[in-house]
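# Chains, contacts and geometry: an overview
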Amino acid sequence: MAEPQVTGLRGVTLGVRDLDESLDFYTSSWGLTEVARMGPSAWLRATGTEHHALALCQSTQPGLLAVRLAAPDKASVDGLYAKALAFGADVIDAPDMLDTLAGGGYGFSFRTPDGIIQQVSSGVIEHGTRIDDRKRPQKFSHVVLRAENYPQLRAFWTDLLGFRLSDETDGIHFLRCSADHHSVALARAEGPGLHHMAFELPDLDALMYASGSMRARNHTLEWGVGRHSGPGNNVFSFFVEPNGFAVEYTTDMEQVDDATYPKRSKEWWRENRPNGARDAWQMAPKRSERLVKARLGLLTQEMMASDRGCAAALSKALA
Ligand SMILES: [Fe+2]
């Protein structure tokens, strides 16, 4: 039997400061659709058939709560569970039916060495039809994690979960589990935490419409529209959402064939990146300071400090 491995990225679960505020952003502005709500949690789909691309949970500590990974079948889930135990991973629960989660399925959870929860599942309910709107995200594309100890974490993703290293630069390791050049990337930055997450639009025209729609709703374009001058070669536009997380629209991600893709080293990229780590088109203005802070987790920290200050001032005024 082939080694069990992860074959897709379903999305992420985020802890958010205010569920209603975040829901309004992700539905009215970002283009997702709410499919389920239960207490302090909500689930949102893209236009594709995946049950949900994003889960939100009201939390006093905004942040990345979980990364959700797909396995092809129950046997693969069981195989990955056995590998996780053999790997000495911090396993949270054994494989079981996920009846209490929207979309259901069969899966288990564990933590990476730096504490980020991974949920591996198969058999999650799929929608019978796609939403016919090309100007909205069609799927979750990739998540980039801030990871201080990323050599150890890279082994975890590749040896345990079966990800392949597509490319590495001085700052980021790009990992794939499908034809997409990367679904997960590990950024050398203080962590653990979310660096940014990206949702895929069908094509460049769709990405331009979606980005323009965000600006028309008074959301600042923090970087883009551009094409990454480097691994993945994908088109990007970056915004900041209500919790201070960096969110990206992307399209035209390089498609990779395992048999032929020539992984390139950080030395190769250092010498062959035509425009540094910036925009290959040389059209996008410099990335904003706000985006830099968001990708390092600093903006969320500032928001939480401000919230605490407001709460303290309010309680003092009411005393
Ligand atoms: Fe990205």
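Structural notes, computed from the coordinates. Because the structure is a prediction, the values reported are computed rather than measured. (Residues numbered from 1 in each chain as written. Predicted model: local features only at pLDDT ≥ 70, side-chain atom pairs only at ≥ 80, totals over all residues.)

## Structural notes on the overall build of the protein chain
- Scanning the protein chain for helices and strands turns up seven helices and 17 strands.
- In terms of C-alpha radius of gyration, the protein chain reaches 19 Å, essentially the compact-globule figure of 20 Å for 319 residues.
- A buried classification covers 45% of the 319 residues belonging to the protein chain.
- Of all intrachain contacts in the protein chain linking residues separated by at least 6 positions in sequence, the fraction that spans at least 24 positions is 65%. (Helix = DSSP H or I, 4+ residues; strand = E, 2+ residues; numbered from the N terminus. Rg over C-alpha atoms; globule rule 2.2 N^0.38 Å. Buried ≥ 20, exposed ≤ 12 C-beta atoms within 10 Å, placed from the backbone. Contact = placed C-beta atoms within 7 Å.)

## Considerations on the pairing of strand β9 (residues 139–146)
- β9 sits mainly inside the fold: eight of its eight residues count as buried.
- In the sheet, β9 pairs with strand β13 (residues 193–200) via seven bridges, with the strands oriented antiparallel. Bridge assignment links Phe 140 to a residue of β13, and that residue is Phe 199.
- The pairing of β9 with strand β12 (residues 184–187) spans four bridges and is parallel. The residue of β12 that forms the bridge with Val 144 is Ala 185. (Pairing = 2+ DSSP bridges.)

## Let's talk about the sheet that holds strand β3 (residues 41–45)
- Reading across the sheet, the eight strands line up as β2-β3-β4-β1-β5-β8-β7-β6 and stay open at both edges, with mixed pairing between neighbours. Across the chains shown, the open sheet's two edge strands, defined by having one partner strand only, are β2 (33–38) and β6 (90–97). Within the sheet, the average angular offset between the axes of one strand and its neighbour, ignoring direction, is 20 degrees.
- By the bridge criterion, five bridges tie β6 to strand β7 (residues 106–111) in an arrangement that is antiparallel. Note on β7: the bridge partner recorded for Val 91 is Phe 110.
- Each of β1 (8–16), β2, β3 and β4 (54–58) touches helix α1 (residues 19–29); the most contacted strand, β4, lies at about 160 degrees to it. (Axes fitted to C-alpha atoms, helices over the stretch in contact; angles between N-to-C directions.)

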